[in-house]
Amino acid sequence: MNSLSHPDNIFILLLSIFTGFFAVVNPIANTPIYMSLTDSLDIKGKKKVAKTAVLVAFGIVAIFTLGGSYIFKLFGLTIPAFKITGGLLIFYVGFEMIKSQRPHLKTHLEDSQGNDDSDTEVGISPLGTPLLAGPGSIITALNFTTGGHFSSVIYTLIIYAIMLFLNYICFVSGNKLVKFMGKDLIKVFGKIMGLILAVMGTGILIAGIELLVNK
């Protein structure tokens, strides 16, 4: 019998996927960035940017998730190498968050505030990618689907869609969120997510080494 058919195993898998995406695509931490990039827009423009960002992000991750095996074959990648490299990258991002240093990507986004980009361009880049659908999101999705069952692909895409919806809600309610939580609490929350992300990266790295040794 398929181990994924057991309710407890499915719950653990869903919880792991949700936690992984929540740490990488943190809606609370992403909201101040979105607000800074859309500060000069009206409510309608801000909603348009948020909608564009989540749709673009989902499309990118869906392509990598569904075509992961073909991408691996095309570039001659192996699962152990992918997990080891991905684990190191995810650990690095989490470590930066723990040290209270914004990832270089986010720093770059905030420095770009004030550019005369259209609503669609801002939604596609930098918000849609690489903020919402960057290396961390793609690596997290592939980690849960590469070499697994097709049901894992479905679960991953559904949970990622839910995570993007949470980002959309936080984006359009940004002012209320910052006022409710406060900037200090958002920073603390970011540290906690950084720790979770670093631990997940270590776990993926160990899994990759085990696959390589037992190969």
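Here the structure is a predicted model, which is why all the values come from computation and not from measurement.

To continue, consider helix α11 (residues 183-213). With 31 residues, α11 ought to run about 45 Å at 1.5 Å a step, and its terminal C-alpha atoms sit 45 Å apart, in line with that. Buried within α11 we find I186, G190, M193, G194, L197, A198, M200, G201, I204 and G208.

What follows deals with helix α10 (residues 174-181). Of the positions making up α10, those classed as buried are G174, L177, V178 and M181. Projected down its long axis, α10 carries its buried residues within an arc of 95°, all on one side. Away from its buried face by more than 90 degrees, α10 exposes N175, K176, K179 and F180. Contacts from the buried residues of α10 go to α2 (27-37), α9 (150-172) and α11. Count one or two residues on from α10 and you reach G182, which has phi positive near 85°.

With that settled, consider the packing of aromatic side chains. This model, assessed by the stated rule, comprises five aromatic pairs. With a centroid separation of 5.9 Å and an interplanar angle of 20°, the aromatic rings of F18 and F22 are classed as stacked. Of this pair, F18 and F22 both sit in helix α1 (residues 7-24), four residues apart, roughly one helical turn. Assessed through its relative accessible area of 17%, F22 is described here as buried. Aromatic pair F21 and Y160: ring centres 4.9 Å apart, planes at 50°, arrangement tilted. Of this pair, F21 sits in helix α1 while Y160 sits in helix α9, and the two are 139 residues apart along the sequence. Each member of the pair, F21 together with Y160, is buried. An aromatic cluster is defined as three or more aromatic residues linked by ring pairs; in this entry it consists of F21, F58 and Y160.

Rules used in this analysis
Residues numbered from 1 in each chain as written. Predicted model: local features only at pLDDT ≥ 70, side-chain atom pairs only at ≥ 80, totals over all residues. Heavy atoms only, no water. Helix = DSSP H or I, 4+ residues; strand = E, 2+ residues; numbered from the N terminus. Expected span 1.5 Å × (residues − 1). Buried < 20%, exposed > 50% of the residue type's maximum accessible area, 1.4 Å probe, protein only. Arc of directions from axis to C-beta. Contact = heavy atoms within 4.5 Å. Phe/Tyr/Trp six-rings, centres within 6.5 Å; stacked < 30°, edge-to-face > 60°.

Taken by themselves, the reported measurements are silent on function.
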